[in-house]
Protein chains: 2
Amino acid sequence: MEVRKKLKQLGKKLVEQAKKGENPNMDVPIRALSNVKYDPKKRMILLGNKSSKRYLFNVAHIKKFLQTTEIAANVKKLLDTGKHVSLRQAFYMMRRTIPGTQIDVVEEQEESNAAVEDLELITGFSREQMHINANKNGAAAGKVIIKDKGDVIDWSKLGSGGWSIPSNTEELQFKKVDAKFVLYMEKAAIWERLHEDKVWDKLKCVIIASQGQATRGIRRLLRRLNEEYKLPIYVLVDNDPWGYYIYSVLKYGSISLAHISDKLAIPNAKLIGLTCDDVEKYQLKKYLIKFKKTDENRIKQLKNYEWFQSKEWQRELKKMKEQKGKVELDALVAKGITFISDEYLPEKIKKKDFLD
Amino acid sequence: MEVRKKLKQLGKKLVEQAKKGENPNMDVPIRALSNVKYDPKKRMILLGNKSSKRYLFNVAHIKKFLQTTEIAANVKKLLDTGKHVSLRQAFYMMRRTIPGTQIDVVEEQEESNAAVEDLELITGFSREQMHINANKNGAAAGKVIIKDKGDVIDWSKLGSGGWSIPSNTEELQFKKVDAKFVLYMEKAAIWERLHEDKVWDKLKCVIIASQGQATRGIRRLLRRLNEEYKLPIYVLVDNDPWGYYIYSVLKYGSISLAHISDKLAIPNAKLIGLTCDDVEKYQLKKYLIKFKKTDENRIKQLKNYEWFQSKEWQRELKKMKEQKGKVELDALVAKGITFISDEYLPEKIKKKDFLD
């Protein structure tokens, strides 16, 4: 169903309830930890099916009720004009004073964010589909031709910079995808390394980088390439718990965005490195950066995750703990400027040496 | 002079000194605060002309001497192969153990960074010219056609994403620049707002965003458009001391990069907003976010800067202090989704309402 139709339906229902003299209300799925669980079959962190009713005439509910209808009205405005805003801008759209009072609809962005998430839950559409975007960040290169906002863009012909990934990748169309897999990395400097070495040409792949955690725009882009073109997604991160967590979120989703896992998670994504075995094989122990207490705690947390209970992952995390330090991907440069492009990646891919 | 030639000259001189039985040495300009000052004529923060000699046979100098020659050798390797690395990768290139000892050439990135900066000072070339790049970040759009790495790229035909700005913008060539000015902003979400509203088409300009402080790649890009095409640079930031500091660095340079101000600073850049007068004029006081102590201290610091002593800037900073809070650019959305694009910017530009 189209977003606008869904919103109209929601509004219509509330008006009808009011006309009938009923207490207008809506069903809102519960977003608490108690309603989140890992689904081992789908291999995703998903929201359960508990929900609660939110009433207009209920002192505890009315403010949230108002905020939800306010954001719904604003989303309709965005859809009508074809415009998009950021989460921050959505906050300012909602930040009006209720006429005749001193009360603002929202005072903090947390409130408007929650309203946006509630509307995602109520309508079943992502906030990108409702024209509310998250951060913009990241670059892409490879033999891919897309059409976006009327422009035809060839990702293989964009110089050293690449295509700048927008916050919203819902609407772009793929015209041609000539690649065997996608390499996603958390570091722009590694992307620049691989791009300069033309890895996307030599290994027939797409290279996509964020800067730290992948934005939702990047996650949807990866997911779409995975789903629509059956491209395997290989995740290239530092050998440390934070890199592995980036992999975890990309693959299984996260607790805070559990309600949207079915649109963001990529259960068949694979970790291409840097693993503890790689650290040994390529004699990188010399470049170990000693763990701090926070790193060690993070490893412990990862080890307890339900989705990391396989023999392979338990072994990996045990090894990482025993290693007592992390190794960065950049350290591969010590073996040769283009070692990562000419040896590390081709060998890993040839041997299908992935952690799943 | 070409970088490689300069490096060879440096090496040759050291070898000749050694052959003559002299103590090999090099002149290194001093990078301490005592040797940095604001030049009111050039309107830039510049390094003074104090320098010191660094000797091979001097227990206090030898490690730094070695590090400088090591990075020089590595830069030659980069230039010979046409490859580029990040600062972090340069650190790993240098991180080798001196044969027959337990001593590493560098242990921390601070050391390799300092060596890179010393080499910038000694040779007079920027690290980008020596193929060592900083961060990659930011996007560009507008009626500009560039040539980069053999690709011809039209910044007006890149969909919603735009061109992803590389860490190094030294080598790209401008083929066509059809714009009257450049709008630089610190926030990608504002860039997406202006891009969706086609501001670059309507106002005949180039729009460039970073995410926070501009990278060196972005600063060079702005500087080159300013210098080579005489385009005014208008800086669009939040109404707070941090936004104004971004403007300050872009325009006058910074103390830590004083030695490179003559390549990075843009003395005729102008602040297009958001100013305290804008906050009043557009009734944005409602969206004030109360200053914290750190914000107030930052305003005090800015007020003391030599380059902010004009009547206009002293008035502005005094007003900001009295305002007791900051206002974000995003707040303009409360006046209408496209208010910033349709009213705010056109009016500011028409009236030449800038802070200089």
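Because the structure is a prediction, the values reported are computed rather than measured.

Looking now at the overall build of chain A. Looking only at helices and strands, one finds 13 helices and 17 strands in chain A. Compactness check: chain A gives a C-alpha radius of gyration of 23 Å against a globular reference of 21 Å for 356 residues, within 12% of the reference. A burial count over chain A gives 44% of its 356 residues as buried. Considering only contacts within chain A whose residues lie at least 6 apart along the sequence, 70% involve residues at least 24 apart.

Residue and element names in this part refer to chain A. Entries for chain A in the domain assignment read domain 1 (3–23 + 58–133) and domain 2 (139–350). Using only C-alpha atoms to locate each centre, domain 1 and domain 2 end up separated by 35 Å. Tallying the contact residues gives seven residues for domain 1 and eight residues for domain 2. Per-class residue counts for the side of domain 1 that touches domain 2 are one nonpolar, four polar and two charged.

We now examine the environment of A:Thr275. Residue and element names in this part refer to chain A. With respect to the element layout, Thr275 can be found in the loop between strand S15 (270–273) and helix H10 (276–281). The exposure class assigned to Thr275 is buried, which follows from the 21 C-beta atoms found within 10 Å. Sequence separation of Thr275 and Asp238 is 37 residues, and the distance between their C-alpha atoms is 8.3 Å. Setting aside anything within four residues of it in sequence, one finds Thr275 in contact with Asn239, Glu316 and Leu355.

Here the focus is the sheet that holds strand S8 (residues 144–148) of chain A. All names here are of chain A. Pairing within the open sheet is antiparallel, and its three strands lie in the order S9-S8-S11. The open sheet has two edge strands with one neighbour each: strand S9 (151–154) and strand S11 (173–177). When strand polarity is set aside, the average angle formed by the axes of neighbouring strands in this sheet is 20 degrees. As defined by bridge partners, S8 adjoins S11 across four bridges and the pair is classed as antiparallel.

Right, let's talk about helix H8 (residues 241–252) of chain A for a bit. Residue and element names in this part refer to chain A. Here H8 is twelve residues long and its end C-alpha atoms lie 16 Å apart, about the 16 Å a rise of 1.5 Å per residue gives. Most of H8 is tucked away, with nine of its twelve residues classed as buried. For H8, every residue scored as buried is listed here: Pro241, Gly243, Tyr244, Ile246, Tyr247, Ser248, Leu250, Lys251 and Tyr252. As for H8, its buried residues are in contact with strand S3 (44–47), helix H7 (216–228), strand S14 (233–236), S15 and helix H11 (293–304).

This next bit is on the relation of the copies chain A and chain B. The two copies are related by a screw motion: chain A maps onto chain B through a turn of 180 degrees and a shift of 0.0 Å along the axis, at an RMSD of 0.0 Å. Taken together, the turn and the small shift mark the pair as related by a two-fold rotation axis. Of the C-alpha atoms belonging to chain A, the one lying closest to the rotation axis is found on A:Ser164, 2.0 Å away.

This part takes up the sheet that holds strand S8 (residues 144–148) of chain B. Residues and elements named next belong to chain B. Reading across from one edge, S9-S8-S11 is the order of the three strands in this open sheet, with antiparallel pairing throughout. This sheet does not close on itself; its edge strands, each paired only once, are strand S9 (151–154) and strand S11 (173–177). Within this sheet the neighbouring strands show an average axis-to-axis angle of 20 degrees, counted without direction. Taken together, the four bridges between S8 and S9 define a ladder with antiparallel strand orientation. Residue pairing in the sheet places Ile145 in a bridge with Asp154 of S9.

What follows concerns unusual backbone geometry. That bond from A:Gly273 to A:Leu274 is cis: its omega, 0 degrees, falls within 30 degrees of zero. Within the secondary structure layout, A:Leu274 lies in the loop between S15 and H10. With phi around 50 degrees, B:Lys352 is a residue other than glycine that occupies positive phi space. By the secondary structure assignment, B:Lys352 is in the segment after helix H13 (339–350). A residue is classified by how many C-beta atoms lie within 10 Å of it, and B:Lys352, with 9 of them, is exposed.

With 44 residues of chain A at the contact, the number on the chain B side is 44 residues. Of all the secondary structure elements, the ones that give two or more residues to the side of chain A that touches chain B are strand S5 (85–86), helix H3 (87–94), S9, strand S10 (163–164) and helix H5 (188–196) of chain A. Partitioned by chemical class, the residues of the side of chain A that touches chain B number 17 nonpolar, 16 polar and eleven charged.

Next up on the list: the packing of helix H2 (residues 62–81) of chain A against helix H4 (residues 109–123) of chain A. For any two helices packed against each other, the geometry is given by the interaxial angle and the distance between the axes. Residues and elements named next belong to chain A. It is at 9 Å that the axes of H2 and H4 come closest, and there the two elements cross at 75 degrees. Relative to H4, the element H2 is oriented roughly perpendicular. Taken together, the residues of H4 that come into contact with H2 (itself represented by Gln67, Thr68, Ile71, Ala72 and Val75) are Glu111, Ser112, Ala115, Val116, Asp118 and Leu119. Grouping the amino acids of the contact of H2 with H4 by side-chain chemistry returns six nonpolar, three polar and two charged.

Residue and element names in this part refer to chain A. Between its first and last C-alpha, helix H13 (residues 339–350) extends 15 Å over twelve residues, near the 16 Å set by a 1.5 Å rise per residue. Those residues of H13 not exposed but buried are Ile340, Ser341, Tyr344 and Leu345. Down the axis of H13, the buried side of the element spans an arc of 115 degrees, and every buried residue falls inside it. Elements that come into contact with the buried residues of H13 comprise H5 and helix H6 (199–202). Backbone geometry just downstream of H13 places Lys352 in the positive-phi region, at approximately 50 degrees.

So, about the nonpolar core. The biggest cluster of nonpolar side chains holds 182 residues, and the ones touching the most others in it are A:Val182, A:Ile207, A:Val235, B:Val182, B:Ile207 and B:Val235. Those residues in contact with B:Val182, other than ones at most four positions away along the chain, are B:Cys205, B:Val206, B:Ile208, B:Leu222, B:Leu225, B:Leu231, B:Ile233 and B:Tyr234.

In this section: the packing of helix H1 (residues 3–19) of chain A against H2(A). Residues and elements named next belong to chain A. Where H1 contacts H2, the axes come no closer than 10 Å and their chain directions differ by 145 degrees. For the element pair H1 and H2, the recorded crossing hand is left-handed. Each of Val3, Arg4, Leu7, Leu10 and Gly11 in H1 lies in contact with H2, whose residues at this interface are Ala72, Val75, Lys76 and Leu79. Residues of the contact of H1 with H2, tallied by class, amount to six nonpolar, one polar and two charged.

Bringing the environment of A:Gln67 into the picture now. Residue and element names in this part refer to chain A. Relative to the helices and strands, Gln67 is located in helix H2. Residue classification places Gln67 among the buried positions, given that 20 C-beta atoms sit within 10 Å. Considered as a pair, Gln67 and Ala214 are 147 residues apart in the sequence and their alpha carbons are 29 Å apart.

The next thing to look at is the confidence of the model for chain A. Atomic detail in the predicted coordinates should be set aside for any region of low pLDDT. Chain-level statistics for chain A give a pLDDT mean of 96 and a share of 100% at 70 or above. Taken over the whole predicted complex, pTM reads 0.95, whereas the ipTM for its chain interfaces reads 0.93.

What follows covers the environment of B:Ser261. Residues and elements named next belong to chain B. Its place among the elements puts Ser261 in helix H9 (residues 261–264). Looking at Ser261, the number of C-beta atoms within 10 Å reads 23, which means it is buried. C-alpha of Ser261 to C-alpha of Leu46: the two residues are 215 residues apart in sequence and 6.2 Å apart in space. Ignoring anything within four residues of it in the chain, the contact list for Ser261 reads Met44, Ile45, Leu46 and Gly253.

Procedures and definitions
Residues numbered from 1 in each chain as written. Chains lettered and ligands numbered in written order. Predicted model: local features only at pLDDT ≥ 70, side-chain atom pairs only at ≥ 80, totals over all residues. Helix = DSSP H or I, 4+ residues; strand = E, 2+ residues; numbered from the N terminus. Rg over C-alpha atoms; globule rule 2.2 N^0.38 Å. Buried ≥ 20, exposed ≤ 12 C-beta atoms within 10 Å, placed from the backbone. Contact = placed C-beta atoms within 7 Å. Domains from an automatic or database assignment. Nonpolar A, V, L, I, M, F, W, Y, C, P; charged D, E, K, R; others polar. Pairing = 2+ DSSP bridges. Axes fitted to C-alpha atoms, helices over the stretch in contact; angles between N-to-C directions. Expected span 1.5 Å × (residues − 1). Least-squares fit on C-alpha atoms with pLDDT ≥ 70 in both. Parallel < 35°, antiparallel > 145°, perpendicular 65-115°, else oblique. Arc of directions from axis to C-beta. Core = buried A, V, L, I, M, F, W, Y, C linked by C-beta atoms within 7 Å. Left-handed = near helix turned anticlockwise from the far one by under 90°. pLDDT = per-residue confidence, 0-100.

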